[in-house]
Amino acid sequence: MSLTHEQAVEAARGVAAVLAKDALDRDRANAEPVAEARLLRDAGLPALLLPASVGGAGLGWATALRVVREIAVADGSIAQLLGYHYVNVANLWWVGGLGAWGPRSAAEQWLWGDAVNPTDPDLVLVPDGDGYRLNGRKTFATGVSVGDASVVSGVVESGPDAGTHLLVVVRGDAPGLVPGGDWDNLGQRLSASGSVTFTDVAITPEQVLGGLGAGAATPRASLVTPAIQAVFGAFYLGVAQGALATARDYTRTTSRPWLLSDSPSATADPYVLATYGRLVAATRAVEALADDVADHLDRADAAGDDLTWEARGELAEHVAALKVVSTDVALDVTNTIFEVTGARATSNKVGLDRFWRNVRTHTLHDPVAYKRREVGDHFLNGTYPEFTLYT
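Residues numbered from 1 in each chain as written. Predicted model: local features only at pLDDT ≥ 70, side-chain atom pairs only at ≥ 80, totals over all residues. Heavy atoms only, no water.

Caption draft 1: Examining the pairing of strand β2 (residues 123-128) more closely. One ladder, built from three bridges, connects β2 with strand β4 (residues 149-156); its direction is parallel. From the neighbouring strand, valine 124 faces β4, where its bridge partner is valine 155. Pairing of β2 with strand β3 (residues 131-138) involves five bridges; the strand directions are antiparallel. The residue bridging leucine 125 from the neighbouring strand is leucine 134, located in β3. From the end of β2 to the start of β3, which pair antiparallel, there are two residues, and glycine 129 there has a positive phi angle of about 65°. (Pairing = 2+ DSSP bridges. Helix = DSSP H or I, 4+ residues; strand = E, 2+ residues; numbered from the N terminus.)

Next up, the structure:
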């Protein structure tokens, strides 16, 4: 699949334009994003990161993160779905190599989900011949319900490898895989992030990617964490940009100057102008940092097996800084836009609240205070975040 950076960004903007038409209605319907996933496939976006040697676009993280950001302007949920996919598909070769999964993923524009959350109870891999049977329930699993395949973590129950954490591949139509359909949170309603249950799901040796966790990781394999955190920063930024654009349209067409204002219109009110100015300036600063982080992630990925733990640590600290400022700015923007649109903008038919609900929900994924601590610890003591599935 031939696709340039510019073409990928343009395709993402096309998807965003379609999503924007009924974003509020879809948010309220809270349905599984089956049609939205098809829209991503039809645009050729899932195979963006896959190497050209297997039929993918062979593009890098600077493109992938920009695509996530563009889609988040219209719909944070679908940006999350696609961003997680990019990390999951990259994890295939970071942990165990693409194998047979790469060509088919590229040819059919597979969308990859995951059930890896380490704060959930572990899934169990029961030895069965030369493979395993996967059992258990994850309460949080993004994309599994609409994905063509998913990366899933489990612990070997018995035998010589007992206690080993493995990352395995599970097809979306595998017998015994049952999505819960129970994602009913404040925001990110269409991110397909509900529970999933596995009952005696067959895992062949070809489906085992490799070990998971700090003990099994190489610097390159551990890129999964800075990559997913960079995705967070990208779509928080996109949601903030979408909120600003939507508020701007409302202020221009509907907002009225306050009765104590001497301004002829809301767009001439100095307090409105100053507030927008502050929000736009802060968002542009996050954009500059996000672009810098994307380039850093590209360089780390390109280093391959030559990537060192020190270089990986520098990347992790850089991404942590993005997580801090993108969280703070996105929450500020999506809250403050009501002050420059006016009381009538709180009407449910306007739906400005969806931007705040989306970032408020997802920014709780892992406490941003710990990211601030990581940045401060590095600045003062030169310490790098140790590898976990959150750092």
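There is more to say, and it comes next.
Caption draft 2: Representation of the nonpolar core in the model. Counting 95 residues, the largest nonpolar core has Leu45, Trp61, Ile71 and Tyr86 as its most contacted members. In terms of residue count, helix α7 (residues 224-253) provides more of this core than any other element does, 16 residues in total. With residues up to four places along the chain from it excluded, the contact list for tryptophan 61 reads Leu49, Tyr86, Val87, Ala90, Trp94, Ala227, Val231, Ala294, Leu297, Asp298 and Asp301. Listed in part, the 18 residues of the second largest apolar core include Leu125, Leu134, Leu177 and Val196. (Core = buried A, V, L, I, M, F, W, Y, C linked by side-chain atoms within 4.5 Å. Buried < 20%, exposed > 50% of the residue type's maximum accessible area, 1.4 Å probe, protein only. Contact = heavy atoms within 4.5 Å.)

Caption draft 3: Fine view of the pairing of β4. In terms of residue burial, β4 counts as a mostly covered element, since eight of its eight residues are buried. Where strand β1 (residues 112-115) and β4 come together, four bridges link them in parallel fashion. Bridging from a neighbouring strand, aspartate 114 pairs with valine 151 of β4. Bridge analysis of β4 against strand β5 (residues 165-171) gives seven bridges, and the strand direction is antiparallel. Counterpart to serine 153 in the pairing with β5 is leucine 167.

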